[in-house]
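Listed here are the chains, written in short residue letters.
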Amino acid sequence: MTKAETLTDLIGQRASADPDTPYFHLFDEAITYGALWRESARHAAGLARSGVERGDKVCLIYPTCAEFFYTFFGALRLGAIPVPLYPTLGVEGTANIFRDSEAKVVVTIGWFRQGVEEAGGGAGNVRAILEPSDLETDAPLPGLPTAREEDIAFIQYTSGSTGHPRGVVLSHANVCRTVEFMAEAAQLTRDDTVVSWLPLYHDMGLIGCAFTPPISGSPLYLLPPDLKNPRPWLELISRVRATFTVSPDFGYRNCVRNIQDTSGLDLSSLKQALSGAEPVRLSTIHAFEEKFGVRNVITPAYGLAEATLGVAIWPRAVPLRSDRSGRFISVGQPCRGVSVRVMQESQVLGANAEGEICVRSPGVMQGYYNNPEATRQVLAPDGWLRTGDLGFLDDEGYLYVTGRLKDLILLGGENIIPVDIEEIVDHVPGVRYSAAVGLDSERTGTQRLHVVAEVREGLADRDALSLLVREIVQRVHHARGHRPAKVLLVRPSTIPKTSSGKIQRSRLGQMIAGSELGDRLLYASGGHRE
């Protein structure tokens, strides 16, 4: 494995030792380490010519493309700080991050130019909006600084599943130490072949899939995300005989639901398919492995942006481990160098007691950019990070993640985990996707359970919708002992999600309370549209 103090060193060492070895393949084109190193130098020169200096923030708004890497590493080599952003935030959300990050320059492509310019108009700190053609210069390289491991590598904005995105500041040491122990935990070697459809503006796609393979020299194949058509992902795995891939749970569910014809797909080369970024469902694992003829391949993982990424990864070819109730599967023991404890307020809990997961590791962030108060709320002076996730450790130190603190639904004194309700509703025929939220009730002093279910295309008959609501209520009551106070049937793609596919339950609660569903609402329990 390659050992490096900085991300720049990691790629520079590969470019020196293996210049003709492909770093990644994209659209049938192989980008070698040597080519990346040369092009990143040109982009560094182009950024310098545009006034970018050491310490300046450079926002990157790109699809999955080679130019993303050229610009990212060009900024790093110049001593600037890349800020990868997702292109789906909207003008106001993008402008907010431009201002929050104090970005000096934004680099994008023509597809996104109009929206980026509108957002830039709302951020007086942005001096220039550039495209790759503005950076591809053969001008002499300025004197490049030597990065140190304690320097900021980049700022990773959170996906905002429970609030507004925040800029997670990561040092070179954070990233390099994390990709080292993740590669070790995932048992990645040069003999592995990695396939990823995850976007490069998300930590699992960028750090987990793009920055971890260079540690071991594993070949990497990228393809752009297409949530509606997952077949190209599995076709690429089949074609290149991939051994390793990664996806949130919904990606595997999409394959089960949307790929009817499995002919031509051969996933027998897969040794591990990590599942992370959202609750891992045992039903999804079983359905995927049965449909595509693989066994013991999907393995859970747990991490978060504030810890750079990885906390725990279930090892390859090891049978999954359930807790005593059978409701939860373990994400594994903490990776090397990572410590985990479970807290309730200031008390450290013992084995099998549920509380907030706290983490201390080489990957724990430097803090939220320009937000000391938010940093103090989650990061203790001794380096322990409050994750906001609920879970427990069993007697042997295996970690189980049970939900998000802010997403818990309090019904009559009982804590309900939304994914438990959603797992039931998602299996009702006619339901495409669901989300459960709790809305406060002044009358009862507790919360009321609301279920939002996206229905499949073509299901619009009022009698059929009424029967669907009744079936949802009955199944939830039978399985969990609670009747939903309200079931709302909505059109596909109504439930708000983050850029990484996580349900934004807080936003959904606001939409319900504010009657914002509008014509997206097809039917509500009680037999009427609201």
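Right, let's walk through the structure included here. Remember, it's a predicted structure, so these values are computed and weren't measured experimentally.

**Topic: the pairing of strand β2 (residues 29–32)**
- As defined by bridge partners, strand β1 (residues 22–26) adjoins β2 across four bridges and the pair is classed as antiparallel. Paired with P22 across the bridge in β2 is T32.
- Following β1, the chain reverses through two residues before pairing antiparallel with β2; F27 in that reversal takes a positive phi of roughly 55°.

**Structural notes on the sheet that holds strand β26 (residues 521–524)**
- Taken together, the four strands give an open sheet; going across it, the order is β23-β24-β25-β26, and neighbouring strands pair in mixed fashion. Lying at the two open borders of the sheet, with one neighbouring strand each, are β23 (431–440) and β26. The average undirected angle you get between the axes of adjacent strands in this sheet is 20°.
- As paired elements, strand β24 (residues 447–455) and strand β25 (residues 486–490) share five bridges and run parallel to each other. Within the sheet, the bridge partner assigned to V452 lies in β25 and is L488.
- With respect to the sheet, helix α14 (residues 418–425) is in contact with β23 and β24, its orientation differing from that of β23 by roughly 145°.
- Sheet strands in contact with helix α16 (residues 505–513) are β23, β24 and β25, and its direction is about 75° off that of β23.

**A few points about the packing of helix α3 (residues 66–78) against helix α8 (residues 203–211)**
- Following both chains from N to C, one finds α3 and α8 inclined at 90°, their axes separated by 14 Å at the closest point. Taken together, the axes of α3 and α8 are roughly perpendicular relative to one another. Contacts between α3 and α8 involve F68, F69, F72 and F73 on the former and, on the latter, L206, A210 and F211.
- Here the residues of the contact of α3 with α8 sort into seven nonpolar, no polar and no charged.

**Section: the packing of aromatic side chains**
- One pass over the structure, following the stated rule, counts 22 aromatic pairs.
- Where W111 meets F112, the ring centres are 6.3 Å apart and the plane angle is 85°; that geometry is what we call edge-to-face.
- Look at W111 and you get exposed, because its relative accessible area is 69%.
- Judged by relative accessible area, F112 falls into the partly exposed class, the value being 21%.
- For the ring pair Y252 and F288, a centre distance of 5.2 Å and an interplane angle of 80° mean the geometry is edge-to-face. Of this pair, Y252 sits in helix α11 (residues 249–258) while F288 sits in helix α12 (residues 282–291), and the two are 36 residues apart along the sequence. Here the two residues Y252 and F288 agree in accessibility, since each one is buried.
- These aromatic residues form a ring-pair network of at least three members: Y23, F24, Y33, Y62, F68, F69, F72, F73, F154 and F211.
- One Lys or Arg, R77, reaches over the ring of W37 and ends 3.7 Å from the middle of that ring.
- Sitting above the plane of the Y368 ring, R166 keeps its charged end 5.3 Å from the centroid.

**Considerations on the pattern of salt bridges**
- Counted by the stated rule, this structure contains 33 salt bridges.
- Its salt-bridge partner being E356, residue R386 comes within 2.8 Å of it at the nearest N-O pair. Of this pair, R386 sits in strand β19 (residues 385–393) while E356 sits in strand β17 (residues 355–360), and the two are 30 residues apart along the sequence.
- Given the relative accessible area of 9%, E356 is considered buried.
- With a shortest N-O distance of 2.4 Å, R432 and E454 are connected by a salt bridge. One end of the pair, R432, is in strand β23; the other, E454, is in strand β24, with 22 residues separating them in the sequence.

**A short note on the side chain of E289**
- With respect to the helices and strands, the residue E289 is situated in helix α12.
- Despite its burial, E289 remains without a salt bridge, the nearest opposite charge being carried by R295 at 6.8 Å.
- In terms of polar contacts, E289 uses its side chain to reach the backbone amide nitrogen of N296, at 3.1 Å.
- Apart from residues no more than four positions distant in its own chain, E289 is found in contact with V294, R295, N296, V297 and I298.

**A look at the sheet that holds strand β6 (residues 128–130)**
- Taken in spatial order, the four strands line up as β4-β3-β5-β6 in an open sheet, and their pairing is parallel. Either end of the sheet is taken by a strand with one partner, and the two such strands are β4 (81–84) and β6. Mean inter-strand twist for the sheet, computed between neighbouring axes without regard to direction, equals 25°.
- Inspection of the sheet shows strand β3 (residues 57–61) paired to strand β5 (residues 103–108) by five bridges, in the parallel sense. Bridge pairing in β5 places K57 opposite A103.

**Let's talk about the environment of G303**
- Assignment of secondary structure puts G303 in strand β13 (residues 298–303).
- Between the C-alpha atoms of G303 and D203, which are 100 residues apart in sequence, the distance is 9.6 Å.
- Not counting residues within four places of it along the chain, the set of residues in contact with G303 comprises L309, G310 and V311.

**Some points on the nonpolar core**
- Counting residues in each nonpolar core, the largest one holds 110 residues, and the members touching the most others are Y23, F69, F72, F154, F211 and L234.
- If one sorts the elements of this core by residue count, α3 sits on top with nine residues.
- Those residues in contact with F211 that lie beyond four places of it in its chain are L7, L10, Y23, F72, F73, F154, V175, V179 and L206.
- In terms of nonpolar packing, the next biggest core, distinct from the first, is built from 23 residues, V425, L465, V487 and L489 among them.

The rules behind each value
- Residues numbered from 1 in each chain as written.
- Predicted model: local features only at pLDDT ≥ 70, side-chain atom pairs only at ≥ 80, totals over all residues.
- Heavy atoms only, no water.
- Pairing = 2+ DSSP bridges.
- Helix = DSSP H or I, 4+ residues; strand = E, 2+ residues; numbered from the N terminus.
- Axes fitted to C-alpha atoms, helices over the stretch in contact; angles between N-to-C directions.
- Contact = heavy atoms within 4.5 Å.
- Parallel < 35°, antiparallel > 145°, perpendicular 65-115°, else oblique.
- Nonpolar A, V, L, I, M, F, W, Y, C, P; charged D, E, K, R; others polar.
- Phe/Tyr/Trp six-rings, centres within 6.5 Å; stacked < 30°, edge-to-face > 60°.
- Buried < 20%, exposed > 50% of the residue type's maximum accessible area, 1.4 Å probe, protein only.
- Lys NZ or Arg CZ within 6 Å of the ring centre and 35° of its normal.
- Salt bridge = Lys/Arg side-chain N within 4 Å of Asp/Glu carboxyl O.
- Lys, Arg positive; Asp, Glu negative; His and termini not counted.
- Polar contact = N/O pair within 3.5 Å; in protein donor to acceptor, adjacent residues only side chain to side chain.
- Core = buried A, V, L, I, M, F, W, Y, C linked by side-chain atoms within 4.5 Å.

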